[in-house]
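Observations on the model geometry
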Amino acid sequence: MRLGLHYWSYSRPVDPAAIAATLGETARIAEAAEVSAFSVMDHFVQLEGPAAADDPMLEGYSTLAYAGMGVSEVQVMPDRHPVEYTEQLAAQVVPRLAEVA
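None of the values given here were measured: they were computed from a predicted structure.

Quick notes on the side chain of Ser 39
Position of Ser 39 relative to the elements: it lies in strand 2 (residues 37-40). Among the polar contacts made by the side chain of Ser 39, one reaches the side chain of His 6 at a distance of 2.7 Å. Excluding residues that lie within four positions of it along the chain, Ser 39 makes contacts with Leu 5, His 6, Tyr 7, Met 77 and Pro 78.

And the structure:
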């Protein structure tokens, strides 16, 4: 059986300056525990429900790059397929760029 870890909340620790260190440490602990996959939310805003909408949210791919710097065996990945994410992002951003131009 393979086990994955989904890192979905950036509200702990409370100090925003410590979020990156905590993220990296969590990825290293996951790898040491032989977790096979480490994923993060790829949203630009926190989803209302499991967390408050105004809780901190990090951009998914930069977060994965940072988490992946400290590991070599665990697979880091977004919670959606990259093509699906890119299509959804383009559908939201491109029309807004046209409004600004």
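Considerations on the packing of aromatic side chains
One pass over the structure, following the stated rule, counts 2 aromatic pairs. Between Tyr 7 and Tyr 10, the ring centres sit 5.6 Å apart and the planes meet at 45°, which makes this aromatic pair tilted. Take Tyr 7 and Tyr 10: they sit in the same class, and that class is buried. Here the aromatic rings of Tyr 7 and Phe 38 are separated by 5.9 Å at their centres, their planes lie at 40°, and the arrangement is tilted. Note that Tyr 7 is positioned in strand 1 (residues 4-7) and Phe 38 in strand 2, a separation of 31 residues in sequence. Both residues of the pair, Tyr 7 and Phe 38, count as buried. In this structure an aromatic cluster arises from ring pairing among Tyr 7, Tyr 10 and Phe 38.

Topic: the sheet that holds strand 3 (residues 75-78)
Ordered in space as 1-2-3, the 3 strands form an open sheet in which the pairing is parallel. Two strands in the sheet have a free side with no partner beyond their single neighbour: strand 1 and strand 3. Neighbour to neighbour, the strand axes of the sheet diverge by 25° on average, direction disregarded. Relative to strand 3, strand 2 runs parallel, the two being bridged by 4 bridges. Residue pairing for strand 3: Phe 38 is matched across the bridge by Val 76.

What counts and how
- Residues numbered from 1 in each chain as written.
- Predicted model: local features only at pLDDT ≥ 70, side-chain atom pairs only at ≥ 80, totals over all residues.
- Heavy atoms only, no water.
- Helix = DSSP H or I, 4+ residues; strand = E, 2+ residues; numbered from the N terminus.
- Polar contact = N/O pair within 3.5 Å; in protein donor to acceptor, adjacent residues only side chain to side chain.
- Contact = heavy atoms within 4.5 Å.
- Phe/Tyr/Trp six-rings, centres within 6.5 Å; stacked < 30°, edge-to-face > 60°.
- Buried < 20%, exposed > 50% of the residue type's maximum accessible area, 1.4 Å probe, protein only.
- Pairing = 2+ DSSP bridges.
- Axes fitted to C-alpha atoms, helices over the stretch in contact; angles between N-to-C directions.

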